[in-house]
Amino acid sequence: MTFDPQPCLENDHVRLRPMQAADFETLYAVASDPDIWAQHPAHDRHERAVFREFFDAGMAGGACFVIFDRKTDEMIGSSRYHGFDAKRSRVEIGWTFLARSHWGGPWNRAVKALMLDHAFRFVDRVVLYAGSDNHRSRRAIEKIDGVADGMRDDGGGRHSVRYVVRRPG
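K.L.:
Give a detailed account of the sheet that holds strand S8 (residues 159-166), specifying residues and quantitative values.
P.N.:
One open sheet accounts for 8 strands, arranged S1-S2-S3-S4-S5-S6-S8-S7; its pairing is mixed. Each having just a single partner strand, strand S1 (9-10) and strand S7 (147-153) make up the two edges of the open sheet. With 6 bridges connecting them, strand S4 (residues 75-85) and strand S5 (residues 90-98) associate as antiparallel partners. What sits directly across from Asp-85, in S5, is Arg-90.

K.L.:
Just give me the short version of the pattern of salt bridges, but keep the residues and values in it.
P.N.:
The full count for this structure, using the stated rule, is 9 salt bridges. Arg-52 is the salt-bridge partner of Asp-56, the closest N and O atoms lying 3.2 Å from each other. In this pair, Asp-56 and Arg-52 both sit in helix H2 (residues 48-61), 4 residues apart, roughly one turn of the helix. The partly exposed category is assigned to Asp-56, whose relative accessible area is 36%. A residue is classified by how much of its surface remains accessible, and Arg-52, at 34% relative accessible area, is partly exposed. Residues joined by salt bridges that share partners form a network here, namely Asp-33, Asp-35 and Arg-100.

K.L.:
Could you give me a rundown of the layout of surface pockets, with the residues and numbers involved?
P.N.:
To locate leftover empty space, one rolls a probe as large as a water molecule over the atoms. The computed volume of the largest pocket comes to approximately 1100 Å³. Every residue lining the largest pocket is counted, 37 residues in all, and those nearest its centre are Thr-96, Ala-130, Asn-134, Arg-136 and Ser-137. When contributions to the lining of the largest pocket are tallied by element, the ones reaching two or more residues are S5, helix H3 (107-119), strand S6 (125-131) and helix H4 (135-143). Element by element, the count of residues in the lining of the largest pocket is highest for S5, at 7 residues. Of the volumes computed, that of the second largest pocket is approximately 200 Å³. Lining the second largest pocket are 17 residues, with Ala-57, Gly-61, Arg-80, Tyr-81 and His-82 sitting closest to its centre. Elements represented by at least two residues in the lining of the second largest pocket include exactly H2, S4 and S5. Here the lining of the second largest pocket is built from residues that sort into 10 nonpolar, 4 polar and 3 charged.

K.L.:
I'd like to hear about the environment of Asp-4, residue by residue, with values.
P.N.:
On the secondary structure map, Asp-4 appears in the segment before S1. In this structure Asp-4 comes out as partly exposed when scored by relative accessible area, which is 34%. Note: C-alpha distance between Asp-4 and His-118 (114 residues apart in sequence) is 8.7 Å. Apart from the residues within four sequence positions on either side, Asp-4 is in contact with His-118 and Phe-122. Looking at Asp-4, its side chain comes within polar contact range of the main-chain nitrogen of Gln-6, at 3.1 Å.

K.L.:
How would you explain the pairing of S6 if you had to name every residue and give the values?
P.N.:
The element S6 is largely enclosed, with a buried count of 6 among its 7 residues. Both S5 and S6 contribute to a ladder of 3 bridges, which runs parallel. Bridge pairing links Glu-92 to Val-127 in S6. In this region the chain leaves S5, passes through H3 and returns to the parallel neighbour S6; the handedness of that crossover is right-handed. Where S6 meets S8, 7 bridges bridge the pair, whose relative direction is antiparallel. Looking at S8, one finds that Val-127 is bridged to Val-164.

Thresholds, definitions, all that
Residues numbered from 1 in each chain as written. Predicted model: local features only at pLDDT ≥ 70, side-chain atom pairs only at ≥ 80, totals over all residues. Heavy atoms only, no water. Pairing = 2+ DSSP bridges. Helix = DSSP H or I, 4+ residues; strand = E, 2+ residues; numbered from the N terminus. Salt bridge = Lys/Arg side-chain N within 4 Å of Asp/Glu carboxyl O. Buried < 20%, exposed > 50% of the residue type's maximum accessible area, 1.4 Å probe, protein only. 1 Å grid on protein atoms, 1.4 Å probe; cavity = no way out; pocket = protein on both sides within 12 Å on 5 of 7 lines; lining within 4 Å. Points joined across faces, edges and corners; volume = space filled by probe spheres on them. Nonpolar A, V, L, I, M, F, W, Y, C, P; charged D, E, K, R; others polar. Contact = heavy atoms within 4.5 Å. Polar contact = N/O pair within 3.5 Å; in protein donor to acceptor, adjacent residues only side chain to side chain. Right-handed = clockwise from strand over helix to strand, strands pointing away.

Laid out in structure tokens, this is it:
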């Protein structure tokens, strides 16, 4: 079976669909909140030009989703897969952000549950990274059973903690 990097996924809380070029303005309206990026290594991602690069990279990668609140049908963020490796039986989930109105509730966990369930149809391990100072993201990854597994230096002086979630069973 071949990994599908952009299925349509949904549960009681969220709906994920492949990101489209026409989503830029709506998604940027969410991402333009500086508080979303305050603990993130790229704290300037709320700036239009910086977000444009992030968005375009997601489009080029072909594995990026936009996230909708199922109850309101409001676009609330984005996430993506990266680096599917059949031989190593792994894929990365990352670049996730949510509108502040959707912090602390069921939405992040619901997004990750959908993406993990889908990934585990194809791989044994999912890798997630969070900036070493990004305590909010690190806690969120730990809540979905991510186990710290090392560090990564991006070459620019930014360090991230690598987490692994293994297929249940």
